[in-house]
Amino acid sequence: MSACTPTRPHPATSGGVDIRLPWWALALPALAFVALLALIINPSDASAAAGEPAITHLFERVRTVLGQAL
């Protein structure tokens, strides 16, 4: 009586892992970094001495836009 011999699995490829990133996976973090760096470096946009905080101004604009949309 003959026994079945198991077949060997295919050997793994000897090459490196081929992972390809889409273009935006590198472009978006780079763009965000540049935008944040521009906000930090540009001292003319600093509103620390202004009487009204920037976040209050932003909320007012959002409220105005939402009020006009409804």
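Residues numbered from 1 in each chain as written. Predicted model: local features only at pLDDT ≥ 70, side-chain atom pairs only at ≥ 80, totals over all residues. Heavy atoms only, no water.

Chemist: I keep staring at the overall build of the chain and nothing clicks. Help me out?
Modeler: The secondary structure content of the chain amounts to two helices and zero strands. Expressed as a percentage of its 70 residues, the buried residues of the chain come to 0%. (Helix = DSSP H or I, 4+ residues; strand = E, 2+ residues; numbered from the N terminus. Buried < 20%, exposed > 50% of the residue type's maximum accessible area, 1.4 Å probe, protein only.)

Chemist: Explain a nonpolar patch on the surface here, please?
Modeler: A contiguous nonpolar surface patch, about 550 Å² in accessible area, is contributed by Phe33, Val34, Leu37, Ile40 and Ile41. Among the secondary structure elements, Phe33 is positioned in helix H1 (residues 24–41). (Patch = residues over 30% accessible without salt bridge, like charges linked within 9 Å, V, L, I, M, F, W, Y side chains within 5 Å. Areas by Shrake-Rupley, 256 points an atom, 1.4 Å probe, with all protein chains shown as cover. Salt bridge = Lys/Arg side-chain N within 4 Å of Asp/Glu carboxyl O.)

Chemist: What exactly am I supposed to notice about H1 here?
Modeler: Three- or four-residue spacings in an α-helix give side chains the same orientation, since the helix completes a turn every 3.6 residues. Relative to the 26 Å expected for 18 residues at 1.5 Å per residue, H1 spans 25 Å between its end C-alpha atoms, a close match to the ideal helical length. Among the 18 residues of H1, zero are classified as buried, and the element is accordingly described as predominantly exposed. (Expected span 1.5 Å × (residues − 1).)

Chemist: What should I look at first to understand the pattern of salt bridges in this one?
Modeler: Opposite charge on two side chains makes pairing possible when the charged atoms of those side chains draw close. Taken as a whole and judged by the stated rule, the model has one salt bridge. As a salt-bridge pair, Arg63 and Glu60 come within 3.2 Å of each other at their nearest N and O atoms. Residue Arg63 and its partner Glu60 are both found in helix H2 (residues 54–69); the two are separated by three residues, about one turn of the helix. We classify Arg63 as exposed; its relative accessible area is 57%. Judged by its relative accessible area of 35%, Glu60 is partly exposed.

These values are about where atoms sit, not about what they do.
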